[in-house]
Amino acid sequence: MQPDGPYRFTEVMGVCQVGRAWWAVDGQDRLVTVAVLEPVVAEDPAWRRAFSGMADALAAPGGGGGPYLAADFTAAAPWVAYAADGGPGADYLFLALGHEIRSERPDDDGTVAMLQVPPADQSQPAPWAIQGDPTQARSVSAPPQQVSAPPDQVSAPPQPVSVPPHQISAPPHQVSVPPYQVSVPPHQVSSPPEQVSTPPAFSQPDQPVSVPPHDPFAAPVRRIQPSAPPRRQTGLWAALAALLLVAVVGGGVGLWAISADDSAAPETTPAVPSTAFPSATPVNPGLKPWAQAALRSPEERALATVGPSMVFVEVIFTGYVRNKQDNALLRKTPITFNRRCTGFVVNHDGHVLTNSQCVRPTQDIVLNNALGALGNALVAEGGLNAKDVPAFTRARMKTAVFTGIEPGAQPDAKLYGQLNVAKGDVTDSPAIPGAVVQSLALEAGNLALVKLAQENLPAAELNTAPAVAPDTSLLILGYTTTDTSYRTATYNVLSKSVTVTGVDTQSPVNLYRINEDLGIYSRGGIAIDPAGRVVGMLDNDLLRPDKANRVVVPVSTMTGLLAGAGIQNSLGEPDKLYRSGLDAYFAGQNATAVDRFDAVVEASPANLLARSYRQAAVDSGGGEDTSSRPGWAVPLLAGSGGALAVGLVVLMVMLARRRDSAA
């Protein structure tokens, strides 16, 4: 039975009358030797103290032994563990205690003979009570004193302790580390290294101590010398293993190089476990799907698919406020105000769908915004109190008009679109100028088609047959900001999971109502399905007191507007390659994903999410750009693998011949 302890005991190194020495390995598979005191012997406190005292004495500086790794002197079978590095170990501890470790030699039938230990003579004192001349009786009443040096020699062999034999049914394994050879005093000591008072059961004051009979097993000389193990051909086997490893690696790399150029559609593989997305991506794409959904989840993939197409839309109106009757200016300087909302690229040539009332508002909305801007300007100049601005606006709605420089002319309106992170009041790069192509009235769907002056933009895909019903779960996306300074605020794309609460069959376009919204600037944002396809556009709910953007205009209204303008929902080649890269990334094929995202980054610079996911694929094990490896790598690696395989065969033949000659 193996002893208890934090080690995995592999085999018995040897035995003595009071314990055993074991070979064992620790949690890191490092070889150790463990000295284990037999439980029967450990029942005597004197032997337990002797065992622990000698271990500490040998481990002390100048003690002649080495430090032990760990020990448990309170266990039923106390043990001490030593590193098997060639220094003093478990056998040396028993040797210092006066008992030499003997190997358990297998018999001819393969079993190990039991070590027979003569039973203790209970009429004799314990062996640790004998010190000095065995013919002199000693009765020590003082407690035993710990010693720090090897024990004094005695002239009589020790009294054996009765230890039950241990039957071992299997031959011991060959141990690769030979036992440590130690030099010992001329006469072996048979008692523990401490002078211990005789336990109460053995104390016999003033009585002579009988010398125990001679124990042949206590002789310091090994009577049966084990045969030397056959010389191990360690070097040859190590060379064979190294050559085999190099051949396998070289051949595998060669095959990889041959097949690496085959970058067809990725095979379907189980989703890989979630890994941490790089916290510091080289660019800020405005939308970070890995932060707004569970890593590697369908939600993250849907957001990543549609995210690059999101557009921040801003229209800057400039004009003059006049009286209707006489065209007199209410303010000589021009009035400027902004309208901001969300849109998305529907065609890679730069066509964008957004909210009509945002980019082409009605005249009363324009005038209301202009009067509000005029009231705020008067507040800044000290001509009006801030609390009076709403009343000022209402009072002039029927008597004022907002025009261009000349009476009757339309005010100036300039439209700009920004992808990724956006900032207000930006009219140069990265803002892209645009113009309204066509729009639908409020009751017809409140949608507008805008053309930006830049092509090759990342586009979204429409789901032309969405199954949207009450209780359907959707993801909505739109631009929002947390900045309090309106003019220079920074806007990012936010997403949220919502539920369809009902379908308004009374409206001309069958609007969907949802249970959440993203804020006032999300008007013109989108609702998507689990595949990342657009199923509707966000608009404000006029039936709600807060006019929150909780209405979804269905995709059928979008397709109708596009058909009327002669525009198709179309993905560019970079869009298709980007989706193919996402397929590879979410299938765990990181090297393939890196190659495809590289092509997207080069062909569609506006798609910053492609850069971010490329970096994520690299960090997940895709490595650097694999397309840049030299052409000579394929034949070189394949040839190396073949040469190594031939060398392996030659080495195996040599090994076989050496075995034949040895036989």
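Residues numbered from 1 in each chain as written. Predicted model: local features only at pLDDT ≥ 70, side-chain atom pairs only at ≥ 80, totals over all residues. Heavy atoms only, no water.

**Re the overall build of the chain**
Part 1: Scanning the chain for helices and strands turns up 14 helices and 21 strands.
Part 2: Taken over 663 residues, the chain has a buried fraction of 46%.
Part 3: Looking at the chain alone, contacts between residues at least 24 apart form 69% of all its contacts between residues at least 6 apart.
Part 4: For the chain, the accessible surface area stands at approximately 32,900 Å², while carbon and sulfur atoms represent 56% of it. (Helix = DSSP H or I, 4+ residues; strand = E, 2+ residues; numbered from the N terminus. Buried < 20%, exposed > 50% of the residue type's maximum accessible area, 1.4 Å probe, protein only. Contact = heavy atoms within 4.5 Å. Areas by Shrake-Rupley, 256 points an atom, 1.4 Å probe, with all protein chains shown as cover.)

**What about the sheet that holds strand E2 (residues 19-25)?**
Part 1: With respect to topology, five strands assemble into an open sheet ordered E1-E2-E3-E5-E4, the strand pairing being antiparallel. The open sheet has two edge strands with one neighbour each: strand E1 (8-15) and strand E4 (70-72). Neighbouring strand axes in the sheet, compared pairwise and without regard to direction, differ in orientation by 25 degrees on average.
Part 2: Of the pairings in the sheet, the one linking E2 to strand E3 (residues 31-37) comprises seven bridges and is antiparallel in character. (Pairing = 2+ DSSP bridges. Axes fitted to C-alpha atoms, helices over the stretch in contact; angles between N-to-C directions.)

**With respect to the side chain of Asp517**
Part 1: One can find Asp517 in the loop between strand E18 (511-514) and strand E19 (526-528).
Part 2: Of note is the side chain of Asp517, whose polar atom sits 3.1 Å from the backbone nitrogen of Gly519.
Part 3: If near-sequence neighbours (up to four positions away) are discounted, Asp517 is found in contact with Ile476, Lys496, Ala548, Asn549 and Arg550. (Polar contact = N/O pair within 3.5 Å; in protein donor to acceptor, adjacent residues only side chain to side chain.)

**Structural notes on the pattern of salt bridges**
Part 1: This model, assessed by the stated rule, comprises 16 salt bridges.
Part 2: Among the ionic pairs, Asp388 bridges to Lys387, the shortest N-O distance being 3.4 Å.
Part 3: When its relative accessible area of 27% is taken as the criterion, Asp388 is described as partly exposed.
Part 4: Classification of Lys387 by relative accessible area gives exposed; the value is 67%.
Part 5: When salt bridges with common partners are traced through the structure, they connect Glu314, Arg340, Asp425 and Arg487 into a single cluster. (Salt bridge = Lys/Arg side-chain N within 4 Å of Asp/Glu carboxyl O.)

**Quick look at the environment of Tyr613**
Part 1: With respect to the helices, strands and loops of the structure, Tyr613 is situated in helix H13 (residues 608-622).
Part 2: For Tyr613, a relative accessible area of 0% gives the class buried.
Part 3: Separated by 20 residues in the primary sequence, Tyr613 and Ala593 have C-alpha atoms spaced 8.4 Å apart.

**Points about the nonpolar core**
Part 1: Grouped together as the largest cluster of nonpolar side chains are 36 residues, with contacts concentrated most on Phe344, Leu353, Leu477, Ile528, Val534 and Met558.
Part 2: Of all hydrophobic cores here, the second largest spans 33 residues; its members include Val389, Phe402, Ile432 and Leu571. (Core = buried A, V, L, I, M, F, W, Y, C linked by side-chain atoms within 4.5 Å.)

**Quick notes on the packing of aromatic side chains**
Part 1: In the structure shown here, the tally under the stated rule is 17 aromatic pairs.
Part 2: Plain terms: the ring middles of Tyr7 and Trp79 are 5.8 Å apart, the flat faces sit at 90 degrees to each other, and that makes the pair edge-to-face. On the criterion of sequence distance, the pair formed by Tyr7 in the segment before E1 and Trp79 in strand E5 (residues 79-83) is long-range, its members being 72 residues apart.
Part 3: Accessibility expressed as a relative area gives 14% for Tyr7, which makes it buried.
Part 4: The side chain of Arg296 reaches across the aromatic face of Tyr585, ending 4.0 Å from its centre.
Part 5: Above the face of the Tyr486 ring, Arg340 is positioned so that its terminal group lies 4.1 Å from the ring centre. (Phe/Tyr/Trp six-rings, centres within 6.5 Å; stacked < 30°, edge-to-face > 60°. Lys NZ or Arg CZ within 6 Å of the ring centre and 35° of its normal.)

**Points about unusual backbone geometry**
Peptide bonds are trans in most cases, and residues, glycine excluded, mostly fall at negative phi.
Part 1: The step from Ser429 to Pro430 runs through a cis peptide bond, and the omega angle for that step is 15 degrees.
Part 2: By the element assignment, Pro430 lies in the loop between strand E13 (422-423) and strand E14 (432-439).
Part 3: Although it is not a glycine, Arg296 sits at a positive phi angle of roughly 60 degrees.
Part 4: The residue Arg296 is located in the loop between helix H5 (289-292) and helix H6 (298-306) in this model.

**Some points on the pairing of strand E20 (residues 534-539)**
Part 1: With six of six residues buried, E20 lies mostly within the body of the structure.
Part 2: Pairing geometry for E19 and E20, over three bridges, is antiparallel. By the bridge assignment, Ile526 is partnered in E20 with Met537.
Part 3: Between the end of E19 and the start of E20, which pair antiparallel, lie five residues, with Gly532 showing a positive phi angle near 80 degrees.
Part 4: The pairing of E20 with strand E21 (residues 551-554) spans four bridges and is classified as antiparallel. The residue bridging Asp539 from the neighbouring strand is Val551, located in E21.

**Some details on the environment of Ser507**
Part 1: Of note, Ser507 is situated in the loop between strand E17 (490-504) and E18.
Part 2: Since its relative accessible area comes to 12%, Ser507 is described here as buried.
Part 3: Along the primary structure Ser507 and Gly445 are separated by 62 residues, whereas in three dimensions their C-alpha atoms are 9.5 Å apart.
Part 4: Engagement of the side chain of Ser507 in a polar contact is seen with the backbone nitrogen of Leu511, the distance being 3.1 Å.

**Here's the deal with helix H10 (residues 555-565)**
Part 1: For H10, every residue scored as buried is listed here: Val555, Thr557, Met558, Leu561 and Leu562. Down the axis of H10, the buried side of the element spans an arc of 155 degrees, and every buried residue falls inside it. Exposed residues lying more than 90 degrees from the buried face of H10 are Ala563 and Gly564.
Part 2: Against the buried residues of H10 lie strand E9 (335-347), strand E10 (351-355), E14, strand E15 (447-452), E20 and E21.
Part 3: The first or second residue beyond H10 is Gly566, which carries a positive phi of 75 degrees. (Arc of directions from axis to C-beta.)

**Overview of the environment of Pro6**
Part 1: For Pro6, the location among the structural elements is in the segment before E1.
Part 2: Residue classification places Pro6 among the exposed residues on the basis of a relative accessible area of 56%.
Part 3: In this structure, the C-alpha to C-alpha distance between Pro6 and Val25, residues 19 residues apart in sequence, is 9.2 Å.

**Let's talk about the packing of helix H11 (residues 573-586) against H13**
Part 1: Taken N-terminus to C-terminus, the directions of H11 and H13 make an angle of 25 degrees; their axes are 11 Å apart at the nearest point. On the basis of the axis angle, H11 is roughly parallel to H13. Seen along the crossing, H11 lies across H13 with a hand that is left-handed. Contact with H11, carried on its side by Tyr578, Leu582, Tyr585 and Phe586, involves Leu609, Ala610, Tyr613, Ala616, Ala617 and Ser620 of H13 and no other residues of that element. (Parallel < 35°, antiparallel > 145°, perpendicular 65-115°, else oblique. Left-handed = near helix turned anticlockwise from the far one by under 90°.)

**Some details on the confidence of the model for the chain**
Part 1: Averaged over all residues, the pLDDT of the chain equals 76, while 67% of them reach at least 70.
Part 2: This stretch, residues 256-274, has a pLDDT under 50; its non-local contacts, to residues over four places away or in other chains, come to 28 contacts.
Part 3: In this model residues 624-632 is a low-confidence stretch, pLDDT under 50, and it forms 14 contacts with partners more than four residues away in sequence or in other chains. (pLDDT = per-residue confidence, 0-100.)

**Focus: the packing of H6 against H11**
Part 1: For the pair H6 and H11, the least separation of the axes is 10 Å and the interaxial angle reads 160 degrees. When the axes of H6 and H11 are compared, the pair comes out roughly antiparallel. Relative to H11, H6 is oriented so that their crossing is right-handed. Here Glu300, Arg301, Ala304 and Thr305 of H6 come into contact with H11, specifically with Tyr578, Arg579, Leu582, Asp583 and Phe586.
Part 2: Grouping the constituent residues of the contact of H6 with H11 by class yields four nonpolar, one polar and four charged. (Nonpolar A, V, L, I, M, F, W, Y, C, P; charged D, E, K, R; others polar.)

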